[in-house]
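Fold and contact review
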Amino acid sequence: MLVRPALLPVWPPRVMDLFGREGPLVLEVGFGDGRFTAELAKAHPEWLILGAEVSAASVLRAYRRLKREGIGNVRLYHGQGPFALRNLVPPGSLRRVIVNFPDPWPKKRHQRKRLLQEGFFRRLSTRLVEGGDLLLTTDHEEYFRFALEEAKRSGLYRVEVKEPPEAHLRTKYALKWKEAGRIFFHAVFTKVAEDPTPWPPIRRYEVAHVLLRGELPKELTLAKAPVAIPGGVAVFLEVARGEEGFYVLTHVEEEDLTQDLLLEVRRSAHGLYAGVSRFGSPLITEGVKEVVRALVRELGRVGLEVVQDHT
Ligand SMILES: C[S@@+](CC[C@H](N)C(=O)[O-])C[C@H]1O[C@@H](n2cnc3c(N)ncnc32)[C@H](O)[C@@H]1O
């Protein structure tokens, strides 16, 4: 039920690879505790529902709920909605996107963090079927108006402001804001045209490591300065000493993808190995490969020489 991009046998996955069958595909972004997702899945057993949520605690809560209720037509992805849209949804295959009570980011300087911006609407149009739609429900009038404007600016949607469907007012946040006496806003954005710019999925690699020659140093100190990677940044957070070498906790931020992964510098049967640990099943991307190269450059400074480069 949980989608782990690094472990999927086919990349990018087809609908069949995620759900084991074909059907109308629906994406919910920011499903929170999953109570709406569960209701939706039960009301439409033929639908295939993909949920994306950045909060690990919420994913766990939703996962337990779906399991308890024996719901089989939902797949949960722990991460950014746009990542799921880009990589887990084939072009022209999405019937609907549901966004209930998105984080409003009310401060001016945080507005770039809002989900529903022109760029998002453009990219979404490459994944929606003809006539596919996005349903937004929120209590935040300013964000609501902002989303309407952004969609209109894209020129790719027909926008209708409507009464929110009853089911969208039973989410955790809907109930919270109902009790606080807030009013709700709802809009349907229906795709009428498609952005011509393709939005290909991120490339996934099988390995990212280097074999080295030389003596492992007694200590390994890495610069804390951020490392530039394609479309993002990485930081070596901490180095720990293990039996066979070092483990480097590394934070990697790429577009719509944030990972904390372990890099290893250790003795192996083939010589000294520096590369990504399988621990935590990280997704090996171009950015992750670049961070391995940065680690290898640091190792060069302590006298280790590259024998084979698999990055
Ligand atoms: C205000 S809560 C609403 C939760 C739920 N939809 C509800 O109505 O009860 C917003 C949710 O969106 C999640 N979220 C924020 N940005 C996200 C993103 N880019 N991708 C996926 N989830 C996101 C947050 O973690 C949070 O759970």
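Treat the numbers as computed from the prediction; the structure is a model and nothing was measured. (Residues numbered from 1 in each chain as written. Predicted model: local features only at pLDDT ≥ 70, side-chain atom pairs only at ≥ 80, totals over all residues. Heavy atoms only, no water.)

Take the overall build of the chain next. Across its full length, the chain holds eight helices and 14 strands. Considered along the principal axes of its C-alpha atoms, the chain spans approximately 70 × 45 × 40 Å. For the chain, with 311 residues in total, the buried portion stands at 51%. In the chain, the share of contacts with a sequence separation of at least 24, taken over all contacts with a separation of at least 6, comes to 72%. Surface summary for the chain: the accessible area is close to 15,300 Å², and the carbon and sulfur share equals 52%. Across the chain, the centroid of the 47 positively charged side chains sits 2 Å from that of the 40 negatively charged ones. (Helix = DSSP H or I, 4+ residues; strand = E, 2+ residues; numbered from the N terminus. Buried < 20%, exposed > 50% of the residue type's maximum accessible area, 1.4 Å probe, protein only. Contact = heavy atoms within 4.5 Å. Areas by Shrake-Rupley, 256 points an atom, 1.4 Å probe, with all protein chains shown as cover. Lys, Arg positive; Asp, Glu negative; His and termini not counted. Charge placed at Lys NZ, Arg CZ, Asp CG, Glu CD.)

You can see Glu28 is positioned in strand β1 (residues 25-29). Buried and without a salt bridge, Glu28 has Arg65 as its closest oppositely charged side chain, separated by 9.8 Å. Polar side-chain contacts of Glu28 include one of 2.7 Å to the side chain of Thr37. Setting aside its immediate chain neighbours within four residues, Glu28 contacts Phe36, Thr37, Leu50, Gly51, Ala52, Ile98 and Asn100. (Salt bridge = Lys/Arg side-chain N within 4 Å of Asp/Glu carboxyl O. Polar contact = N/O pair within 3.5 Å; in protein donor to acceptor, adjacent residues only side chain to side chain.)

By the element assignment, Leu94 lies in strand β4 (residues 94-100). Leu94 gets classed as buried once you look at its relative accessible area, which sits at 0%. Separated by 68 residues in sequence, Leu94 and Val26 have C-alpha atoms that sit 6.1 Å apart. Excluding residues that lie within four positions of it along the chain, Leu94 makes contacts with Leu25, Val26, Leu27, Leu85, Val89, Leu124, Arg127, Leu128, Val129 and Gly132.

This part takes up the domain arrangement of the chain. Interfaces are frequently sized by the accessible area removed from exposure as the parts join. Annotation of the chain at the domain level lists domain 1 (5-191) and domain 2 (209-310). On a C-alpha basis, the centroid separation for the pair domain 1 and domain 2 is 35 Å. Counting from both sides, the interface comprises eight residues of domain 1 and, opposite them, six residues of domain 2. When the two sides are added together, the surface that domain 1 and domain 2 hide from each other amounts to roughly 640 Å², 60% of it contributed by carbon and sulfur. At the surface where domain 1 touches domain 2, the tally comes to one salt bridge. In this structure, Glu255 engages Arg123 in a salt bridge whose closest nitrogen and oxygen atoms are separated by 2.7 Å. Along the lines of polarity and charge, the residues of the side of domain 1 that touches domain 2 split into six nonpolar, one polar and one charged. (Domains from an automatic or database assignment. Buried area = accessible area lost by both parts, 1.4 Å probe. Nonpolar A, V, L, I, M, F, W, Y, C, P; charged D, E, K, R; others polar.)

With that settled, the discussion passes to the pairing of strand β10 (residues 232-241). Relative to β10, strand β9 (residues 227-229) runs antiparallel, the two being bridged by three bridges. Directly across from Val227, in β10, lies its bridge partner Ala234. Hairpin remark: β9 followed by β10, antiparallel, with two residues in the connecting loop; positive phi at Gly231, about 70°. When β10 meets strand β11 (residues 245-254), the two strands line up antiparallel, connected through eight bridges. When the bridges of β11 are listed, Phe236 appears paired with Thr250. Linking two consecutive strands that pair antiparallel, namely β10 and β11, is a turn of three residues. (Pairing = 2+ DSSP bridges.)

If you trace the backbone, Thr250 turns up in strand β11. Given the relative accessible area of 0%, Thr250 is considered buried. As a C-alpha pair, Thr250 and Leu262 span 12 residues in sequence and 6.0 Å in three-dimensional space. Beyond its immediate sequence surroundings of up to four residues, Thr250 is in contact with Val235, Phe236, Leu237, Gln259, Asp260, Leu261, Leu263 and Val291. Among the polar contacts made by the side chain of Thr250, one reaches the main-chain carbonyl oxygen of Val248 at a distance of 3.1 Å.

Right, let's get into the site of the ligand. Around the ligand, a shell composed of 16 residues is seen, among which Gly30, Glu53, Gln80, Gly81 and Thr171 lie nearest. Note that a nitrogen atom of the ligand is positioned 2.8 Å from one of the backbone N or O atoms of Gly30. The protein chains hide 86% of the 590 Å² of surface that the ligand would expose on its own. Those elements that place two or more of their residues in the shell around the ligand are β2 (48-53) and α7 (172-179). For the shell around the ligand, the class distribution of residues is five nonpolar, eight polar and three charged. (Near = heavy atom within 4 Å.)

Let's shift gears to the UniProt feature "binding site: substrate" (unreviewed entry) in the chain. According to UniProt, the "binding site: substrate" (unreviewed entry) feature falls on Lys107 and Asp139. Within the secondary structure layout, Lys107 lies in the loop between β4 and α5 (118-127). Residues in contact with Asp139, not counting those within four places in the same chain, are Phe101, Trp177, Arg182, Ile183, Phe184 and Phe185. Of the polar contacts made by the side chain of Asp139, one reaches the side chain of Trp177; its length is 3.5 Å. (UniProt positions renumbered as here; feature names shortened; annotations may be inferred.)

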